[in-house]
Amino acid sequence: MRWPIALLDSALADFRSDDPPWLPTRYQETLAQLHLQHGDFAEARDHAAAALPTLAQFGDSIECRSWLAFADLGLGELDRAEAELGALAEAEDQNEPFGNRYMLLLGRAELALLRGDTTSGLELLNRVRRTGRTRPALPGVPISDGLDPWTLLIGAVSTVVAARHDPESSDELFDSLIDRAERATAQHRVHYDLPVLGTVAFAVAVWLRQRGQRVRGVDGEQASRFAALAARFTFNRAFPSLAWSRLTEELTSAQVAQMDEIVTELESLDFAEAITRYHTDARALRRSVGMTSRSAARRSQ
């Protein structure tokens, strides 16, 4: 999944100093986003910093500031990240209809968690689930079904953080997420966002490791299976809560070995076949788990 980076690097190298700045600036911005998704935080910051001055001149700096702030979070530069999030908030206020508010709120939540303020982190995630999903529609991506990329991403990050820091509250989030995972991987959908689907699988794996056994007695293989799906679909590594090293530390050695075997198996499949496998696993898990106890109690009221 790194071939787009190689193509953009090659194209960027062909620009000359006297070429108009807009297109190379867009390439720099896109490279920042792609490197960020792969967890290449230093490269992401370099590209975002190169693109930002031109984008700011045209009043189109919101997404680039998001990438810069998250690169700083990934590098542990928390004061710089806080400053960039402040600049992002100012840019949002000036251009609200085209904003990226969910990234601002997620960034503030991650910053709070990194500083040990779990309560604020959880509160910010609750806020982003209520208010942060508004974005302009993208062609071919319906938003009425709740399967748009930002809704899935918010749900995934929220589930991971809640499973680790407020486990009981994570059960209802998981119920919603596994239902969306099944629907988002159904055949004949117009749009599949592969890294977002990988991020959802990551969150499912974390919940299964933290809660699955005690809540519903789910087999430990399920956590390995969804961790493997996260790797196969190149989950979004931009968020500190989604650190791969932390997930593998949470898995048992047997689960890690099993995950590696499943990853090898999945890599032999093309993405159409892998999505079909993902859908089958999500459907089977949803049926085997049913509604978690807390969620079932709330829905019965």
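To start, this report covers the structure provided alongside it. (Residues numbered from 1 in each chain as written. Predicted model: local features only at pLDDT ≥ 70, side-chain atom pairs only at ≥ 80, totals over all residues. Heavy atoms only, no water.)

**A few points about the overall build of the protein**
When you go through the protein residue by residue, the secondary structure sums to 15 helices and 0 strands. A sequence separation of at least 24 residues applies to 70% of the contacts in the protein between residues at least 6 apart. With the model as given, the accessible surface of the protein reaches about 13,900 Å², and the carbon-plus-sulfur share is 49%. (Helix = DSSP H or I, 4+ residues; strand = E, 2+ residues; numbered from the N terminus. Contact = heavy atoms within 4.5 Å. Areas by Shrake-Rupley, 256 points an atom, 1.4 Å probe, with all protein chains shown as cover.)

**Some words on the side chain of T54**
Along the chain, the position of T54 falls in helix α3 (residues 41-57). Judged by relative accessible area, which is 16%, T54 ranks as buried. When near neighbours in sequence (up to four residues on either side) are disregarded, T54 contacts P21, W22 and T25. (Buried < 20%, exposed > 50% of the residue type's maximum accessible area, 1.4 Å probe, protein only.)

**Here we look at the environment of R211**
Examined against the element boundaries, R211 turns out to sit in helix α10 (residues 194-216). Since its relative accessible area comes to 10%, R211 is described here as buried. On a C-alpha basis, the gap between R211 and P167 in space is 7.2 Å, while along the polypeptide they are 44 residues apart. For R211, the side chain forms a polar contact with the main-chain oxygen of P167, separated by 3.4 Å. (Polar contact = N/O pair within 3.5 Å; in protein donor to acceptor, adjacent residues only side chain to side chain.)

**What about the pattern of salt bridges?**
According to the stated counting rule, one finds 16 salt bridges in the structure shown. Notably, a salt bridge pairs E84 with R65, separated by 3.6 Å at the nearest N-O pair. Remark: R65 occurs in helix α4 (residues 62-74) and E84 occurs in helix α5 (residues 78-94); sequence separation between them is 19 residues. Residue classification places E84 among the buried positions, given a relative accessible area of 16%. The salt bridge partner of R183 is D179, with a shortest N-O separation of 3.2 Å. Taken together, the positions of R183 and D179, both in helix α9 (residues 170-184) and 4 residues apart, correspond to about one turn of that helix. (Salt bridge = Lys/Arg side-chain N within 4 Å of Asp/Glu carboxyl O.)

**Concerning the packing of helix α2 (residues 22-37) against α3**
Helix packing for two helices is described by the angle between their axes and how far apart those axes are. Relative orientation of the contacting elements α2 and α3 amounts to 150°, with a least axis distance of 8 Å. Relative to α3, α2 is oriented roughly antiparallel. Judged by the sense of rotation from one axis to the other, the crossing of α2 with α3 is left-handed. Mapping the contact onto sequence places W22, T25, R26, Q28, E29, L31, A32, H35 and L36 in α2 and F41, E43, A44, H47, A48, A50, A51, T54 and L55 in α3. Class assignment of the residues belonging to the contact of α2 with α3 gives a composition of 10 nonpolar, 5 polar and 3 charged. (Axes fitted to C-alpha atoms, helices over the stretch in contact; angles between N-to-C directions. Parallel < 35°, antiparallel > 145°, perpendicular 65-115°, else oblique. Left-handed = near helix turned anticlockwise from the far one by under 90°. Nonpolar A, V, L, I, M, F, W, Y, C, P; charged D, E, K, R; others polar.)

**A look at helix α8 (residues 149-165)**
In a regular helix each residue adds 1.5 Å, so 17 residues correspond to 24 Å; α8 covers 24 Å between its end C-alpha atoms and thus fits that length. Burial of α8 is extensive: 16 of the 17 residues sit out of reach of the surface. (Expected span 1.5 Å × (residues − 1).)

Fair warning: the whole summary comes from geometry, so function is off the table for now.
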